[in-house]
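Listed below are the residues making up each chain.
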Amino acid sequence: QAKLQGRDRFCFFSSDFARRASEHFSIERHLRRAIEAGELQLYYQPQVSLADGRLVGAEALLRWQSAELGWVTPDRMIPVAESSGLILPIGQWVLATSCDLIRRHQAATGDWLRIAVNVSVRQFQTAGFVETVRQILQQSEVPPACLELELTESLMMNDVAQAIPLLEELHALGVALALDDFGTGYTSLAYLKRFPVDRVKLDRAFVTDIHRSRSDAALAQSLVAFASAMEFELVAEGIEEAVQHERLRQIGFAYGQGYLFAKPLPEAEFLALVRAGQPLIH
Ligand code: C2E
Ligand code: MG
Ligand code: MG
Ligand code: MG
């Protein structure tokens, strides 16, 4: 009987493994054609000033509606894109599309937007990344300060000795750098001292209970003190409720994003919000 159970468990495990592997290759096969097929889109999630709800920029987030697979979320797509190398053309498309939006909005209204773009480890570590960013900015005639690159802790910690000079090169270009998902990885406050970042984004995991968790509030508070000494800005991710917004404001966070203000929006809806110019506070 014990033997049978063991075998059942093994079969379960191995069929789950097989299912995942086949999903992986199916995503990879379709992703290869997604750019040319025009199946990728960027949605834009507004970032606001917590004091008055004013829109200060947006984060570009990938969306993929595959003809064969339907909607595929970034959490399923990005790991496949990374391991297959497809993240390189996709990442370039994301950068170029974001810069194109910045340029078109400026041409139409005279105003410059600031768009934050997520950069994956593989992209960052590929030789020539800085040059690619420089060329895309130049071709789209976008001032570097309008572009922000979001990098994760694991990306920076993976090889600190290699990361720091690259970050400094990017900074020298004039683009803004943001540390994404802060608190979920291994970065201590001491490391923040060595990274030339302009903004730190506190992960949603610490925002969800900020109004009732003393330890989450304490972490946020120490980050505020450190940010003012180190002169970087703070953004809170995943604000869904007014009580979270209120607490973060008390603690001293200047910026935030989340469903309370706006979900990630298709380009046309995002631009309509920008043009309306109303504060995004409910
Ligand atoms: P992220 O960069 O930390 O992005 C924040 C995620 O939180 C997004 O999920 C966003 O839709 C979601 N979010 C925003 N506000 C709220 C909220 O109030 N509540 C909740 N529950 N969620 C909220 P999304 O779009 O599914 O993206 C997931 C991750 O995929 C991103 O995490 C990022 O790491 C990655 N990603 C997305 N687009 C790109 C891209 O163009 N390139 C790369 N390399 N990675 C990307
Ligand atoms: Mg991000
Ligand atoms: Mg994040
Ligand atoms: Mg995240």
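Predicted model only: the values in this text are computed from it and were never measured.

*Asks:* Help me understand the coordination of the magnesium ion (ligand 3), please; the structure alone is not making it clear to me.
*Replies:* Note on metal geometry: ideal angles are 109.5 degrees for four donors arranged tetrahedrally and 90 or 180 degrees for six donors arranged octahedrally. Protein-derived coordination of the magnesium ion (ligand 3) comes from Asp180 (OD), Asp181 (OD), Glu237 (OE) and Glu237 (OE), at a distance range of 2.0 to 2.5 Å. Between consecutive donor residues of the magnesium ion (ligand 3), the sequence gaps follow D-D-x55-E. With relative accessibility at 5%, the residue aspartate 180 sits in the buried group. The class of aspartate 181 is partly exposed, set by a relative accessible area of 24%.

*Asks:* Even after reading the chapter, I still don't get the pattern of salt bridges, so can you show me in this structure?
*Replies:* Side chains that differ in charge, positive against negative, can pair when their charged atoms come close. In this structure the tally under the stated criterion is 15 salt bridges. Of the charged contacts, one joins glutamate 59 and lysine 201 as a salt bridge, the two residues approaching to 2.9 Å between their closest N and O atoms. Taken as a pair, glutamate 59 in strand S2 (residues 55-66) and lysine 201 in strand S7 (residues 199-202) lie far apart in primary sequence, 142 residues in all. Take glutamate 59: its relative accessible area is 4%, and that puts it in the buried class. Among the residues examined, lysine 201 registers a relative accessible area of 0% and is labelled buried. In this structure, arginine 199 engages glutamate 148 in a salt bridge whose closest nitrogen and oxygen atoms are separated by 3.5 Å. Linking arginine 199 in strand S7 with glutamate 148 in strand S5 (residues 147-152), this pair joins segments that are 51 residues apart in sequence. The exposure class of arginine 199 is buried, given its relative accessible area of 2%. Its relative accessible area of 0% is what places glutamate 148 among the buried residues. Here the salt bridges do not stand alone but share partners, grouping Arg114, Glu148, Arg199 and Glu233 into one network.

*Asks:* In this structure, what is going on with the coordination of the magnesium ion (ligand 2)? I would like to understand it.
*Replies:* Taken together, Glu59 (OE), Asn118 (OD1), Glu150 (OE) and Asp180 (OD) make up the protein donors of the magnesium ion (ligand 2), found 2.0 to 2.2 Å from the metal. Mapped onto the polypeptide sequence, the residues donating to the magnesium ion (ligand 2) form the spacing pattern E-x58-N-x31-E-x29-D. Here the magnesium ion (ligand 2) and the magnesium ion (ligand 3) are spaced 3.9 Å apart, linked through aspartate 180, which binds each one. In this pair, glutamate 150 sits in strand S5 while aspartate 180 sits in strand S6 (residues 176-182), placing the two residues 30 residues apart along the sequence.

Reading the values: rules and limits
Residues numbered from 1 in each chain as written. Chains lettered and ligands numbered in written order. Predicted model: local features only at pLDDT ≥ 70, side-chain atom pairs only at ≥ 80, totals over all residues. Heavy atoms only, no water. Donors = N, O, S within 2.8 Å, 3.2 Å for Na, K, Ca; no water. Buried < 20%, exposed > 50% of the residue type's maximum accessible area, 1.4 Å probe, protein only. Salt bridge = Lys/Arg side-chain N within 4 Å of Asp/Glu carboxyl O. Helix = DSSP H or I, 4+ residues; strand = E, 2+ residues; numbered from the N terminus.

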